[in-house]
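Examining the three-dimensional arrangement
In case you want the letters, here they are:
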Amino acid sequence: MTSGTIRVLIADDQMMVRQGFTVLLNAEPGIEVVGQAVDGADAIAKVAELSPDVVLMDIRMPGTGGIEATRHLTAAAGSTVKVLVLTTFDLDEYVYEALRAGASGFLLKDASADELAEAVRVVARGDALLAPDLTKRLIAEFSRLSATPRSPLKERVGSLTERETEVLAHVAQGLSNAEIAVRLVVAEQTVKTHVSRILVKLGLRDRTQAAVFAFDTGLVRPSGH
């Protein structure tokens, strides 16, 4: 982020959505919309050209959709861009697939200007789940429907210490560093260090991806299972 300003790219096939979000975000301090894209392929090209910090990505677009574009952007070598997917319905299987593809969170299209700006800031920081209740509920819902946890992911959990595994489980439950520190009776800075090491060891981008990983590996089970 240049001079603390969060650079945003908006990808949506509807011009009114792109323009509306552009106006709302440009009115916020510390946020600048640097470009717009009309579909996933355009978003991929614009990210390479403009180097935004955050992409607001509509899931359903003609041609290259939001999930495919998210997977491409987050898998690129050295990529640091964060993707925030936009959806009309919070419990949407496409949203979960987008999270699995590397998105950092999701936002409903009818969100207020304040919610939109806060979501962009949260995703840019990468230090908290976006809309913890909704994201946690969605991840749990679709992990409940998913196949048996994949063994390569299970093997990767083995690189974590016992305490790191414990911290990861709390992260997946949507707890903040401060809340985890209270649970484990340790300093908040200690938790922050554990979280950083977890992300590095597992090759994950942020806390949302850590939560998806924990459910995918079966480390955390949805409530009632």
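See the structure shown above.
What counts, and where the lines are drawn
Residues numbered from 1 in each chain as written. Predicted model: local features only at pLDDT ≥ 70, side-chain atom pairs only at ≥ 80, totals over all residues. Heavy atoms only, no water. Helix = DSSP H or I, 4+ residues; strand = E, 2+ residues; numbered from the N terminus. Buried < 20%, exposed > 50% of the residue type's maximum accessible area, 1.4 Å probe, protein only. Contact = heavy atoms within 4.5 Å. Areas by Shrake-Rupley, 256 points an atom, 1.4 Å probe, with all protein chains shown as cover. Expected span 1.5 Å × (residues − 1). Arc of directions from axis to C-beta. Polar contact = N/O pair within 3.5 Å; in protein donor to acceptor, adjacent residues only side chain to side chain. Salt bridge = Lys/Arg side-chain N within 4 Å of Asp/Glu carboxyl O. Patch = residues over 30% accessible without salt bridge, like charges linked within 9 Å, V, L, I, M, F, W, Y side chains within 5 Å. Lys, Arg positive; Asp, Glu negative; His and termini not counted. Charge placed at Lys NZ, Arg CZ, Asp CG, Glu CD. Pairing = 2+ DSSP bridges. Right-handed = clockwise from strand over helix to strand, strands pointing away.

Another aspect to go through is the overall build of the protein chain. In terms of helices and strands, the protein chain carries 11 helices and five strands. Per-residue burial over the protein chain gives 51% buried out of 225 residues. In the protein chain, the proportion of contacts linking residues at least 24 apart, taken out of those at least 6 apart, comes to 69%. Carbon and sulfur atoms make up 53% of the accessible area of the protein chain, which totals about 10600 Å².

Attention now moves to helix 10 (residues 188–202). Relative to the 21 Å expected for 15 residues at 1.5 Å per residue, helix 10 spans 21 Å between its end C-alpha atoms, a close match to the ideal helical length. If you check which residues of helix 10 are buried, you get Val 191, His 194, Val 195, Ile 198, Leu 199 and Leu 202. The arc that holds every buried residue of helix 10, seen down its axis, measures 135 degrees, which confines them to one face. Turned more than 90 degrees away from the buried face of helix 10, the exposed residues are Gln 189 and Val 200.

Here Thr 190 is to be found in helix 10. Here Thr 190 falls in the partly exposed class, since its relative accessible area comes to 34%. Measuring from C-alpha to C-alpha, the distance between Thr 190 and Asn 177 comes to 9.0 Å, with 13 residues separating the pair along the chain.

Turning to the environment of Arg 163, a few remarks are in order. Looking at the element boundaries, Arg 163 is found in helix 8 (residues 162–172). It is 9.7 Å that separates the C-alpha atoms of Arg 163 and Val 191, two residues lying 28 residues apart in sequence. Arg 163 has contacts with Leu 184, Val 186 and His 194, leaving out every residue within four places of it along the chain. In terms of polar contacts, Arg 163 uses its side chain to reach the side chain of Glu 166, at 3.1 Å.

Counted according to the given criterion, the structure contains six salt bridges. Salt-bridge contacts for Arg 121 lead to Glu 28; the nearest nitrogen and oxygen are separated by 3.4 Å. In this pair, Arg 121 sits in helix 5 (residues 113–125) while Glu 28 sits in the loop between helix 1 (15–26) and strand 2 (31–37), placing the two residues 93 residues apart along the sequence. Judged by relative accessible area, Glu 28 falls into the buried class, the value being 18%.

Together, Asp 110, Asp 114, Glu 115 and Glu 118 line one region of the surface with negative charge. Structurally, the position occupied by Glu 115 is in helix 5.

So, on to the pairing of strand 2. In terms of residue burial, strand 2 counts as a mostly covered element, since five of its seven residues are buried. As defined by bridge partners, strand 1 (residues 6–11) adjoins strand 2 across six bridges and the pair is classed as parallel. Bridged to Ala 11 within strand 2 is Ala 37. Taking the sense of rotation as the criterion, the β-α-β connection linking strand 1, helix 1 and strand 2 turns out right-handed.

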